[in-house]
Amino acid sequence: LSQLERAIALFREAVDVRAELSGPEHERTISLRVRLADTLVRANQKSEAEQILRAAIDTAERTLGADHPVAFYAINSYAVLLMNSERFAEAAPGLR
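Could you clarify how one ought to interpret the overall build of the protein chain in this entry?
Helices and strands together make up the secondary structure of the protein chain, namely five helices and zero strands. Along the protein chain, helices and strands appear, N-terminal first, in the series α-α-α-α-α. Relative to the compact-globule value of 12 Å for 96 residues, the protein chain shows a C-alpha radius of gyration of 13 Å, a close match. Here the protein chain, with 96 residues, has 35% of them falling under the buried criterion. Considering only intrachain contacts with a sequence separation of at least 6, the fraction spanning at least 24 residues in the protein chain is 52%. Here the protein chain has roughly 5,800 Å² of accessible surface; of this, 51% comes from carbon and sulfur atoms. Of the charged side chains in the protein chain, 12 are positive and 14 negative; the average position of the first set lies 3 Å away from that of the second.

Now the structure itself:
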């Protein structure tokens, strides 16, 4: 396995363990999901990363509030993904 593949596997495991310990809507679980998505972007697995980030944003805003740092982190990561995909108009609102 490459280092990125190993990192992705470890993040997936960390997300599963954190979700089991603290729940899927806990801020640490959401944060780990965003870190997994960031790693997926680096591995050029943008489609899966986008799905994870959209879900993380929804969960963070619903459970923690739109102004929570974890929500901002998820939105920023999503904006970076969109920028890397040259979807600049969609990315602009997340770059606040």
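Even after reading the chapter, I still don't get helix α1 (residues 3-22), so can you show me in this structure?
Over its 20 residues, α1 extends 28 Å from the first C-alpha to the last, a length consistent with the 28 Å expected when each residue adds 1.5 Å. Inspection of α1 places Ile 8, Phe 11, Val 15 and Ala 19 among the buried residues, and these make up the whole buried set. Buried residues of α1, seen end-on, are gathered within an arc of 65 degrees and therefore sit on one face of the element. In α1, the exposed residues that point more than 90 degrees away from the buried face are Gln 3, Arg 6, Glu 13, Asp 16, Glu 20 and Leu 21. Buried positions along α1 lie against α2 (27-42). Residue Gly 23 follows α1 closely and has a positive phi angle near 105 degrees.

When you look at the nonpolar core in this model, what are you seeing that I'm missing?
Nonpolar side chains in soluble globular proteins generally cluster together in the buried interior. Counting 24 residues, the largest nonpolar core has Leu 36, Leu 40, Leu 53 and Tyr 78 as the members making the most contacts within it. Listed by contribution, the elements that provide at least two residues to this core are α1, α2, α3 (46-63) and α4 (69-84). For Leu 40, the residues in contact, after removing those within four places along its chain, are Ile 8, Arg 12, Gln 45, Lys 46, Glu 48, Ala 49 and Ile 52.

Just checking my understanding: could you explain the pattern of salt bridges for this structure?
Any two side chains of opposite charge can pair if their charged atoms end up close together. For the structure shown, the criterion picks out six salt bridges. Note that Glu 50 is salt-bridged to Arg 54, the shortest N-O span being 3.0 Å. On the criterion of helical spacing, the pair formed by Glu 50 and Arg 54 is a turn pair, its members being four residues apart in helix α3. Judged by relative accessible area, Glu 50 falls into the buried class, the value being 15%. Residue Arg 54 is classed as partly exposed on the basis of its relative accessible area of 46%. The closest approach of N and O atoms between Glu 90 and Arg 87, which form a salt bridge, is 3.0 Å. Taken together, the shared-partner salt bridges connect Glu 50, Arg 54, Arg 87 and Glu 90 into one network.

Can you help me understand the environment of Glu 48 in this one?
Residue position: Glu 48 is located in helix α3. Owing to a relative accessible area of 27%, Glu 48 belongs among the partly exposed residues under this scheme. Separated by 12 residues in sequence, Glu 48 and Leu 36 place their C-alpha atoms 10.0 Å apart. Not counting residues within four places of it along the chain, the set of residues in contact with Glu 48 comprises Arg 12 and Leu 40.

Rules and cut-offs
Residues numbered from 1 in each chain as written. Predicted model: local features only at pLDDT ≥ 70, side-chain atom pairs only at ≥ 80, totals over all residues. Heavy atoms only, no water. Helix = DSSP H or I, 4+ residues; strand = E, 2+ residues; numbered from the N terminus. Rg over C-alpha atoms; globule rule 2.2 N^0.38 Å. Buried < 20%, exposed > 50% of the residue type's maximum accessible area, 1.4 Å probe, protein only. Contact = heavy atoms within 4.5 Å. Areas by Shrake-Rupley, 256 points an atom, 1.4 Å probe, with all protein chains shown as cover. Lys, Arg positive; Asp, Glu negative; His and termini not counted. Charge placed at Lys NZ, Arg CZ, Asp CG, Glu CD. Expected span 1.5 Å × (residues − 1). Arc of directions from axis to C-beta. Core = buried A, V, L, I, M, F, W, Y, C linked by side-chain atoms within 4.5 Å. Salt bridge = Lys/Arg side-chain N within 4 Å of Asp/Glu carboxyl O.

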